[in-house]
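Listed below, chain by chain, are the residues.
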Amino acid sequence: MSKKKRFGISEALTRGLSETIHVVENNAGIFRNIILPLSRIELDPDNPRKLAIDLTDVRQGIRPDDPLYARKQEELEKLKELAHTIKTNGVINPVVVYKRGELYRMVAGERRCLASLLIGKQEIEARVFNEKPKNFELKLIQWVENTAREDLTLAERLDNMRDIIREYQGQHGQVEVTATLIKTITGLSLSQTTYYLTALNAPEDVQVGIQNGSIRNLDKAALIAGVLSSEVRQQLMQACVAGSSLKALKSLINQQKMIKHHQARLSTSKRGRQTAKINMGTTMKAAVIKTIVDCVISKKEYDKYLDIFSRVDWMDLRQTTHAFRKLIELLEVEMVA
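This is a predicted model, so every value here is computed, not measured. (Residues numbered from 1 in each chain as written. Predicted model: local features only at pLDDT ≥ 70, side-chain atom pairs only at ≥ 80, totals over all residues. Heavy atoms only, no water.)

J.: Is there a simple way to think about the packing of helix H9 (residues 204-211) against helix H11 (residues 230-241) in this case?
T.: How two helices sit against one another is set out by the angle between their axes and by the gap between those axes. One way to put it is that H9 packs onto H11 with a least axis distance of 10 Å and a crossing angle of 15°. When the interaxial angle is binned, H9 and H11 end up roughly parallel. The two elements H9 and H11 cross, and the hand of that crossing is right-handed. Contact residues: Asp205, Val206 and Gly209 in H9; Ser230, Arg233, Gln234 and Met237 in H11. (Axes fitted to C-alpha atoms, helices over the stretch in contact; angles between N-to-C directions. Helix = DSSP H or I, 4+ residues; strand = E, 2+ residues; numbered from the N terminus. Parallel < 35°, antiparallel > 145°, perpendicular 65-115°, else oblique. Left-handed = near helix turned anticlockwise from the far one by under 90°. Contact = heavy atoms within 4.5 Å.)

Spelled out as structure tokens, the structure:
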């Protein structure tokens, strides 16, 4: 199984995004760091991290009849790991919130909030925006937070990127979305934003594969999205589920291209004078000839020739050539008979 690819950002990008956040903070109004009661925090339903578990589940327990029981239990186990770290080392990075009536709406850090509740904490350090950041800046902050510190699914990453693009267009009009534009907005490399754009514009079957978790890797998603044949895309997605590496997927695509190329050549209409014989071609690999011979004599009607070819030294190109010619002679006789 291929090694799971982790998405991260470089130190330079982290620094650049941090500067972006500071600009957002200054534009959004005065902010301050305070110790905030966990009881006054509410989660953001539009956060790109689509957690199934919520505050009620953590405080009161997950109901056995909950239709998302299995998923929530899995998320709960992961939260317990984070809770252990918080219990040992505390919350290293404050959660980010903004005031919303009498409560505080979470911008980033909901896993830290839920994990703190698990270990019985009553309060948490928070960075508070007195006013809600503009939608575009809000999505950027959430993207930075999630990309820098947590592993999102590919579906969540793409949903987050769609939100960022939508809010950007809301501020700047319906500008054309290019890899260069996404690079400018997010600070990612051009190659990575190209993959994002390809995945965002992927055919419907690939989009479904991303949403249901069949495709979990951005590079693989972009590769499959670029394949025109829906049949080949299905084969590639099945290979993803089986754990095929990116290299293996590229190899499968090359094989399909080769098959299609040969099919096209075989179906090409005849031109010029009709040939009187078939050119069998040449090869430098004796294993190719041995494979052809083995395939023929494995058939019941031709197994009588097993002894003839059992004495061939397939490492000797001269003997291999004679063996292939002999096979053709025998088959011609068989066809006449």
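And the narrative resumes.
J.: I tried to follow the side chain of Gln207 on my own but got confused; where do I start?
T.: Along the chain, Gln207 turns up in helix H9. Given a relative accessible area of 15%, Gln207 falls into the buried group. One polar contact links the side chain of Gln207 to the main-chain carbonyl oxygen of Leu200, over a distance of 3.0 Å. Apart from residues lying up to four places away in sequence, Gln207 is in contact with Arg162, Ala199, Leu200, Asn201 and Ala202. (Buried < 20%, exposed > 50% of the residue type's maximum accessible area, 1.4 Å probe, protein only. Polar contact = N/O pair within 3.5 Å; in protein donor to acceptor, adjacent residues only side chain to side chain.)

J.: Please explain the pairing of strand S4 (residues 103-108) as it appears in this structure.
T.: A regular strand places its side chains so that they alternate between the two faces of the sheet. The buried fraction of S4 amounts to 5 of the 6 residues, a majority that puts the element mostly inside the structure. The pairing of strand S2 (residues 41-42) with S4 spans 2 bridges and is parallel. Within the sheet, the bridge partner assigned to Glu42 lies in S4 and is Arg105. Looking at chain direction, strand S3 (residues 95-100) and S4 are connected through 5 bridges and run antiparallel. (Pairing = 2+ DSSP bridges.)

J.: Just checking my understanding: could you explain the environment of Val128 for this structure?
T.: For Val128, the location among the structural elements is in strand S5 (residues 123-129). For Val128 and Arg32, which are 96 residues apart along the polypeptide, the C-alpha to C-alpha distance reads 5.4 Å.

J.: Is there a simple way to explain helix H4 (residues 110-118) in this structure?
T.: Quick reminder: α-helices carry 3.6 residues per turn. Residues three or four places apart thus point the same way. Most of H4 is tucked away, with 8 of its 9 residues classed as buried. Here H4 has its buried residues at Glu110, Arg111, Arg112, Cys113, Leu114, Ala115, Ser116 and Leu117. Just beyond H4, the residue with positive phi is Gly120, at close to 85°.

J.: Would you mind showing me how to read the pattern of salt bridges here?
T.: Side chains that carry opposite charge are capable of pairing whenever their charged atoms lie near each other. According to the stated counting rule, one finds 15 salt bridges in the structure shown. Between Asp57 and Lys72 there is a salt bridge, with its nearest N and O atoms 2.9 Å apart. One end of the pair, Asp57, is in helix H2 (residues 55-60); the other, Lys72, is in helix H3 (residues 69-89), with 15 residues separating them in the sequence. Of the two residues, Asp57 and Lys72, neither departs from the other in class, the shared state being buried. Overlapping salt bridges, with partners in common, bring together Glu42, Asp44, Arg100 and Arg105 in one network. (Salt bridge = Lys/Arg side-chain N within 4 Å of Asp/Glu carboxyl O.)

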